[in-house]
Amino acid sequence: MQISKCIHGLKSRLTAIIGAQWGDEGKGKLVDILAEKYDFCARFNGGANAGHTIVVGGVKYAFHLLPCGILYQTCMNVIGNGVVVNIPTMFEELAQLDKNKVDYTGRLVISNRAHLVVDGLLEADAKSESDSRKKFLGTTKRGIGPTYSAKALRQGLRVGDLLHWDTFLLKYHALNAKLREQEGIQIDTQKEINTLKEYRDILVNRNMIVDTISLISNARKDGRRILAEGANATMLDIDYGTYPYVTSSSTNVGGVCTGLGIPPSAIETVIGIVKAYTTRVGEGPFPTELTNETGKYLQKTGHEFGATTGRPRRCGWLDIPILRYSIQINGHSSINLTKLDILTGLEEIKIGVNYILNGKVIDYIPAQLEDLAQVDVEYITLKGWKQDISDCKTFSDLPIEAQNYVKKIEELLGIPVSWIGNGPQREKIILKD
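These remarks concern the structure in this document. (Residues numbered from 1 in each chain as written. Predicted model: local features only at pLDDT ≥ 70, side-chain atom pairs only at ≥ 80, totals over all residues. Heavy atoms only, no water.)

Quick word on the pairing of strand E10 (residues 226-229)
Working step 1: The alternating pattern of E10 places Ile 226 and Ala 228 and Leu 227 and Glu 229 on opposite faces, both of which are buried.
Working step 2: Bridge count for strand E1 (residues 14-19) against E10 is 4 bridges, and the pairing is parallel. Note on E10: the bridge partner recorded for Leu 14 is Ile 226.
Working step 3: Across 4 bridges, strand E2 (residues 40-43) lies against E10 in parallel orientation. Considered in E10, the bridge of Ala 42 is made with Ala 228. (Buried < 20%, exposed > 50% of the residue type's maximum accessible area, 1.4 Å probe, protein only. Helix = DSSP H or I, 4+ residues; strand = E, 2+ residues; numbered from the N terminus. Pairing = 2+ DSSP bridges.)

Shown next, in the form of structure tokens:
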């Protein structure tokens, strides 16, 4: 992979935005900021289980499927082949734009190879989570796992199938027959067919179903700039995350290639999005988790509730071992440190710097959850700050204690911090020199 000297993505031809923790790091904000300078913004993985929240002009947008570049009139937005698409959910998000008079005409396309989330698969997800015989994973119940499963079993429905309605219906009924036979799932198929036909006609009339692989390839040949937007994060990756408490797609930089049809050599900059502390939603080990008043403070002050499900996020100190792991996998050019302002007011701030297993410091993330659940964490303690940092415009404007926190993270990770988030609004971000 070619990594450019442009660590912040402002001059790169192709930049990938990757979550470096357990998701909810604030990826959407940087995508929104960079998208103004890019010609294409492309989602490459996941589905409506993602939740990217952007605040613009006092208006809050919660995007689950739409690429965050949709707010810029000069940006073409692509939902890539690696995404699983719930069509009604997408149109609900488009209604947000209609309400706020954001014109997206001709600026949104969906890969004909992307897979469809349909009601039967949504029901399969909910049933799996409620089945007492199976391990509770804490999924979003958005049909993500069953849709990727159907894809792997070669039983899935693709967006391009909508272009051939008669054969789509055959495939649709075959899938639902399998779900009835194997899972005992019964849905109102005619109701869903009527809904999908209505949306299908809109998509076809607007030429929104396209071959996005050739579209992006031609854009690259023409020198257009492309921003690849990731959903979820490295620790939720189907291969590299805390399996089985993970999502069902490739959330790392490799997912950019498989989810958009882009060669690895084309990726110039990889920015890892890192919250200034650590959170995760759902089940699974969480070595730096805080179950005390400090954890409650971070949850309350940081409004740590999922954009997709509303579930409270578990909170803890910054975890350096998982960030080193993310760097190993993704080769981050730099870090966007988000929500630094949430740490304001703490007397002391801890950073987890090493995992200790069986009395020894380890330099890897245990693959088996039994081992990960047993690690002890070695911490260092830094002095906190009291000053409000939300109006800081430059790194030097930050209190010296906040600067020291950022510098210590750079020292521990061996890569620079390029962006620092100091508030939820679009303008509340610092480009670090």
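Some details on the pairing of E1
Working step 1: For E1, a buried count of 6 out of 6 residues is recorded, marking the element as mostly surrounded by other parts of the structure.
Working step 2: Residues Leu 14, Ala 16 and Ile 18 line one face of E1 and the alternating positions Thr 15, Ile 17 and Gly 19 line the opposite face, and both faces are buried.
Working step 3: Summarising the sheet, E1 and strand E11 (residues 269-275) pair through 5 bridges and their orientation is parallel. Pairing of Ala 16 across the sheet is with Val 270, part of E11.

Regarding the pattern of salt bridges
Working step 1: If you walk through the whole model with that rule in mind, you get 18 salt bridges.
Working step 2: Between Glu 410 and Lys 432 there is a salt bridge, with its nearest N and O atoms 3.0 Å apart. With Glu 410 in helix H12 (residues 400-413) and Lys 432 in the segment after strand E20 (429-431), the pair connects residues that are 22 residues apart, well separated along the chain. Grouping residues by exposure puts Glu 410 and Lys 432 together as buried.
Working step 3: A single salt-bridge network, built from bridges that share partners, covers Asp 24, Lys 275, Glu 304, Arg 313 and Lys 339. (Salt bridge = Lys/Arg side-chain N within 4 Å of Asp/Glu carboxyl O.)

A few points about helix H2 (residues 87-99)
Working step 1: Across its 13 residues, H2 extends 19 Å between first and last C-alpha, which sits within 8% of the 18 Å expected from 1.5 Å per residue.
Working step 2: Within the sequence span of H2, burial applies to Ile 87, Thr 89, Met 90, Phe 91, Glu 93, Leu 94 and Leu 97.
Working step 3: Close packing links the buried residues of H2 with strand E4 (59-63), strand E5 (76-79), strand E6 (84-85), strand E7 (108-111), strand E8 (115-116) and helix H6 (189-205).
Working step 4: Measuring from the side-chain oxygen of the N-cap residue of H2 to the backbone nitrogen of Thr 89 gives 3.2 Å; that N-cap residue is Asn 86.
Working step 5: One or two steps after H2, the chain reaches Lys 101, where phi turns positive at roughly 60°. (Expected span 1.5 Å × (residues − 1). Contact = heavy atoms within 4.5 Å. Polar contact = N/O pair within 3.5 Å; in protein donor to acceptor, adjacent residues only side chain to side chain.)

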